[in-house]
Amino acid sequence: MPTSPATQILPLQSDLADIIRSTHEELSASLSDNDEIHGCGQAALSILPARPDACIRLAHEKLHAYPYKDVPTCWRRLYTEGSLWKILQILKKQQGDWVTEVIRILDMALILTGGFGRKELIEKIFNTLSKIISASQTKELSNRPSKRQKLENNCLEHNLTPSPLGIPSSFPNSTIPPPTLRFSILRVHNLSLEAFQTHLSSGASPTPLIITDALTHWPALSSRKWTYPSYLLSLTLDGRRLVPVEIGRSYTDTGWGQRIITFREFMTTYMFPPPPSPSIKTPPSPAEPPQTGYLAQHDLLTQIPSFRADICIPDYCYTDPPPPSPSYPIPGPPVPQLDEPLLNAWFGPAGTISPLHTDPYHNILTQVVGTKYIRLYAPSQTRKLYPRGTDENGVDMGNTSFVDVGQAMSLFPAEADAESGSSEDAEILERRREFEARFPLFKDAEYVEGVLGPGECLYIPVGWWHYVKSLGPSFSVSFWWN
Amino acid sequence: MSNPTFNSAHDEAYNVPKEARPHLYHSIKSCGPGDLHVVANATTFTLLTPDGAVYTYGDPRYPRCLGRPPNHNSSNPSGFEEIEYLSHTPCRKIASAGWMTGALSNDGELFIWGQSEPGVDKAIAALNPSSANGEEEEDEADEFVKVVKVTVDGADATVTDFGIGTGHLVVVARVEEDGEVVKRAVLACGQGESGQLGIGGRPEFVGNLMEIEALRDMDVTGVMCGGRSSFLAVNLMR
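Treat the numbers as computed from the prediction; the structure is a model and nothing was measured.

Novice: Got a minute to help me understand the sheet that holds strand 2 (residues 44–48) of chain B in this structure?
Specialist: Consider a sheet: its strands pair through backbone hydrogen bonds, and that pairing is either parallel or antiparallel. Residue and element names in this part refer to chain B. The sheet built from four strands is open, its strands ordered 1-2-3-4 with antiparallel pairing. Because the sheet does not close on itself, it has two edges, and the strands there are strand 1 (37–40) and strand 4 (81–82). In this structure, strand 2 lies alongside strand 3 (residues 54–58), joined through five bridges in antiparallel fashion. Paired with T44 across the two strands is G58, which belongs to strand 3.

Novice: How should I be thinking about helix 14 (residues 426–438) of chain A in this particular structure?
Specialist: Each full turn of the α-helix corresponds to 3.6 residues, which orients residues three or four apart in the same direction. Here helix 14 of chain A is 13 residues long and its end C-alpha atoms lie 18 Å apart, about the 18 Å a rise of 1.5 Å per residue gives. Capping the start of helix 14 of chain A is the job of one residue whose side-chain oxygen sits 3.0 Å from the backbone nitrogen of E427 of chain A: D425 of chain A.

Novice: Hey, could you run me through empty space enclosed by the protein in this one?
Specialist: Gaps between atoms show up when a probe of the same size as a water molecule is rolled over them. Residues and elements named next belong to chain A. Applying the stated criterion across every chain, the model contains three cavities of 30 Å³ or more. A volume near 100 Å³ is recorded for the largest cavity. In terms of lining, the largest cavity is formed by Y294, W346, S354, H357, D359, N363, L365, K372, I460, H466, V468 and S478. A class-by-class count of the residues in the lining of the largest cavity yields five nonpolar, five polar and two charged.

Novice: Hey, could you run me through the state of the cysteines in this one?
Specialist: Here, the word disulfide means a covalent bond between the sulfur atoms of two cysteines. Here the structure, examined in full by the defined rule, presents zero disulfides over all chains. There is no disulfide at C317 of chain A, and the cysteine sulfur nearest it, in C457 of chain A, is 8.8 Å away. A residue is classified by how much of its surface remains accessible, and C317 of chain A, at 5% relative accessible area, is buried. The closest cysteine sulfur to the non-disulfide-bonded C65 of chain B is located on C189 of chain B, 16 Å from its own sulfur.

Novice: I would appreciate a short explanation of helix 4 (residues 52–65) of chain A in the present structure.
Specialist: For helix 4 of chain A, spanning 14 residues, the distance from its first C-alpha to its last is 20 Å, which sits close to the expected 20 Å at 1.5 Å a residue. Those residues of helix 4 of chain A that sit buried are P52, A54, C55, I56, R57, A59, H60, E61 and L63 of chain A. Considering only its buried residues, helix 4 of chain A is in contact with helix 3 (42–46), helix 5 (73–93) and helix 6 (98–113) of chain A together with strand 13 (180–191) of chain B.

Novice: Sorry, what's going on with the confidence of the model for chain A here?
Specialist: In regions of low pLDDT, the predicted coordinates are not meant to be interpreted in detail. Residue and element names in this part refer to chain A. Of all residues in chain A, 86% have pLDDT values of 70 or greater, and the mean over the chain is 86. Low pLDDT, under 50, characterises residues 146–162; the predicted model gives this stretch 32 contacts beyond four residues in sequence or across chains. Here residues 280–288 scores under 50 on pLDDT; set against residues more than four positions off or in separate chains, the count is one contact.

Novice: Where do I start with the interface of chain B and chain A in this structure?
Specialist: A common measure of how large an interface is: the accessible area buried when the components associate. The partner chain A presents 12 residues to the 17 residues of chain B that form the contact. Carbon and sulfur atoms make up 51% of the area that chain B and chain A hide from each other, which totals about 1100 Å². Connecting chain B to chain A are one salt bridge. Among the salt bridges present, the one from E193 of chain B reaches R57 of chain A, with a minimum N-O distance of 3.5 Å. Linking chain B with chain A are four residue pairs in polar contact (both at pLDDT 80 or more).

Novice: Can you help me understand the nonpolar core in this one?
Specialist: Soluble, globular proteins show a tendency: their nonpolar side chains are buried together. All names here are of chain A. In this structure, F196, W226, F347 and F475 are the most contacted members of the largest nonpolar core, which totals 49 residues. Here the element with the most residues in this core is helix 10 (residues 263–271); it accounts for five residues. Membership of the second largest hydrophobic core comes to 44 residues, among which are C40, I105, I122 and L242.

Novice: Looking at this model, I keep getting lost on the side chain of T49 of chain B. Mind explaining?
Specialist: Residues and elements named next belong to chain B. Considering the arrangement of structural elements, one finds T49 in the loop between strand 2 and strand 3. Take T49: its relative accessible area is 3%, and that puts it in the buried class. At 2.5 Å, the side chain of T49 forms a polar contact with the side chain of D51.

Novice: Help me understand the sheet that holds strand 7 (residues 353–357) of chain A, please; the structure alone is not making it clear to me.
Specialist: All names here are of chain A. Taken in spatial order, the four strands make up an open sheet running 7-12-9-10, and their pairing is antiparallel. The sheet terminates laterally at strand 7 and strand 10 (447–452), the two strands that pair on one side only. Going across the sheet, the axis of each strand differs from the next one's by a mean of 15 degrees, ignoring polarity. Pairing of strand 9 (residues 372–377) with strand 10, which is carried by six bridges, proceeds in the antiparallel orientation. Directly across from Y373, in strand 10, lies its bridge partner V451.

Novice: Where do I start with the packing of aromatic side chains in this structure?
Specialist: Pairs of aromatic rings are described using the distance from one ring centre to the other and the angle between the two planes. Counting across every chain of the model gives 28 aromatic pairs over all chains. Judged by centre distance (5.9 Å) and plane angle (15 degrees), the ring pair of F263 of chain A and F347 of chain A falls under stacked. One end of the pair, F263 of chain A, is in helix 10; the other, F347 of chain A, is in strand 6 (residues 342–348), with 84 residues separating them in the sequence. Arranged with centres 6.3 Å apart and planes meeting at 80 degrees, the rings of Y85 of chain B and F111 of chain B form a pair that is edge-to-face. With a gap of 26 residues between them, Y85 of chain B in the loop between strand 4 and strand 5 (91–97) and F111 of chain B in strand 7 (residues 110–114) connect regions that are remote in the sequence.

Parameters at a glance
- For every chain, the first residue of the written sequence is number 1, and numbering continues from 1 along that sequence.
- The naming scheme follows written order: chains are lettered A onward, ligands numbered 1 onward.
- Where totals are concerned, whole chains, interfaces and linings use all residues; where local detail is concerned, this predicted model gives features only for residues with pLDDT of at least 70, and gives and counts side-chain atom pairs only at 80 or more.
- Think of the side-chain values as coming from all heavy atoms in the structure, minus any hydrogens and water.
- Paired strands, in this sense, are two strands between which DSSP finds at least two bridges.
- The numbering of helices and of strands both runs from the N terminus, where a helix is a DSSP run of H or I of at least 4 residues and a strand a run of E of at least 2.
- What a helix should span is 1.5 Å times the count of its residues minus one.
- Within 3.5 Å is the distance limit for a polar contact, defined as a pair of N or O atoms, with the added protein rule that one can donate a hydrogen and the other accept it, and that residues adjacent in sequence qualify only through two side-chain atoms.
- Cavity: a set of points on a 1 Å grid over the protein atoms alone where a 1.4 Å probe fits but cannot get out. Pocket: an open set with protein on both sides within 12 Å along at least five of seven lines, its lining residues, like those of a cavity, having an atom within 4 Å of a point.
- Grid points are joined across faces, edges and corners, and a volume is the space filled by probe spheres set on the points.
- Any residue outside Ala, Val, Leu, Ile, Met, Phe, Trp, Tyr, Cys, Pro, Asp, Glu, Lys and Arg is labelled polar, Gly included; the first ten of those are nonpolar and the last four are charged.
- For this text, the term disulfide refers to a pair of cysteine sulfurs within 2.5 Å.
- Type-normalised accessible area, obtained with a 1.4 Å probe on protein chains alone, sets the label of each residue: buried when under 20%, exposed when over 50%, and partly exposed for intermediate values.
- The contact criterion used throughout is that any non-hydrogen atoms of two residues lie within 4.5 Å.
- A residue's pLDDT is the predictor's confidence in that residue, given on a scale from 0 to 100.
- Buried area is a sum: the accessible area each of two parts loses on coming together, probed at 1.4 Å, counted once for each and added.
- Every case where a carboxyl oxygen of Asp or Glu lies within 4 Å of a side-chain nitrogen of Lys or Arg is listed as a salt bridge.
- Residues grouped as a nonpolar core are buried Ala, Val, Leu, Ile, Met, Phe, Trp, Tyr and Cys residues, joined through side-chain atoms within 4.5 Å.
- A fitted line through C-alpha atoms represents every axis, and for helices the fit uses only the stretch in contact; the resulting angles, taken between N-to-C directions, go from 0 to 180 degrees.
- Note on aromatic contacts: the rings of Phe and Tyr and the six-membered ring of Trp form a pair at centre separations within 6.5 Å, being stacked when their planes are under 30 degrees apart, edge-to-face when over 60 apart, and tilted otherwise.

Here it is as structure tokens:
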């Protein structure tokens, strides 16, 4: 029988007692009059200490009953408050694998509600749990020196031996060959802030740029490299933290969905999937091919601040970019002026795809691990890119193109221009005809493209359409600003 | 497909192109007080007309809760659209709560549609396409509306009443032979953490209908569910 992780944990009793006491004190203090949680009504608030589960369930229902941006703050507060009362019960009992359970409940609150109103308390609890986990690991290492030593516990010890859990010590290099580039994005070496501002202000509208060697000071690229899975696991409480993962090839496909899973499950299931077993005993499964999992467009660095400590906001985000061109309005509702950049993490295996779309902000896309192919179209090309409308569920998809750029690239490879094309088989010719009949203008859309490698960043001007595909395991961070 | 009108003389409206049919709104005018039954859950309103048609209206992000594909091009000013799958199956009762709705046909067949409560990763077997009885009934199966197969001691049963809570379903059923009622049973499934299933204990989740044995052969005259509770009326005089 496997040992429950909780029994491996040597509780740091005084730290634990402290966190229980301060959590209890903060939760029991009377809620301030201007706390929006009062909007939930007295019935819900009065049962918080005794029946936090019921409050969490009620709030969870409300979070889904409204469009994400319209959820009243009171329900986000109730979800957070219920989650904290719940973990207080668990911390007092300490039964079973209570550490993992506390992490799960708090991360659900952070992911669903941002931990509204209790961010600092939640961070304090995570810090205590982190101490407890590392103390237990130290104990385990000294007790079992050789046989089951977990490599991920020690981020200095990165050799090539796979860990017992099947997670290699380093991400493999790119596995998908990059396409032949025809219209390369301009590349510049460590551009100064002034030169970047000049670029933004020059001409009618700024163009994309790949900037090399501008991130060399990032710990994530040098001293605390994100290329080591063991280090990433150590940042996520030994892989216990939860992350939202997009499952499926592209968000435009049917069957695409999102799951909230532990970071470790994401690593073992999607980053390092077990190789298909060649065993003859198991008949070939009729099930669907393994799905792509992509930790995409998630504010991981706010949820887990230890990631945030390894990177810096590029100075380029502190420039004054021009507003979107009035002749090519940005699809979707207008966005507010940001006080600080919006950060998003993009972490996934080879072959993740962001279909051709636009964002309502200027973007500095930084590449930390692996390489990505990126193709960009100016806002002036929009007519040739066939934007979607509102989909059948009422979601406005006007910022996403109907064109599958990956399909277009495989039907019309850049190399094919040089060849006569006479030897193509009939099926491909037929598929090309179908594609051109559906998107006749697409072949005339002008674009630029490039391969973004570790330590490089790409400036994507607001409103530019972009298609992104990872060529190997990849970790990027995007910075939106305006 | 049948046409929504609220008086009995609606035969002539059959086979009329959809755009030409009278709107639900105009038809409602001919209804008397109490003729319409409307229930609501987290995302959807459901309406039962006196002639047994079922309409829904609600958040298009949750088509499974609507029991039909969302229809954005509809010119229907009321927003209510008929569940076409049930258009040839007149119903006599609807119930709705949480993320689930059900309709009971005049013939005692129970239909449900919807999904599990957010945060609950288990589903009632009848709603779960992968576990649908394991039989080859794909031809008749609808993407949204699911038939609840009810058996008592292995015999097919007729449903006489049902109730729906936030995440649970209670069914009153009986088995008839030659017009005689030979068995009566109450069954429940879904979330049970508050004891709302009545099968004893507080099981976190029960996927398949389970009989509430204490109620075997009792004359249950009605059932109503709260969010996480269930109420039955029983005739003890029989």
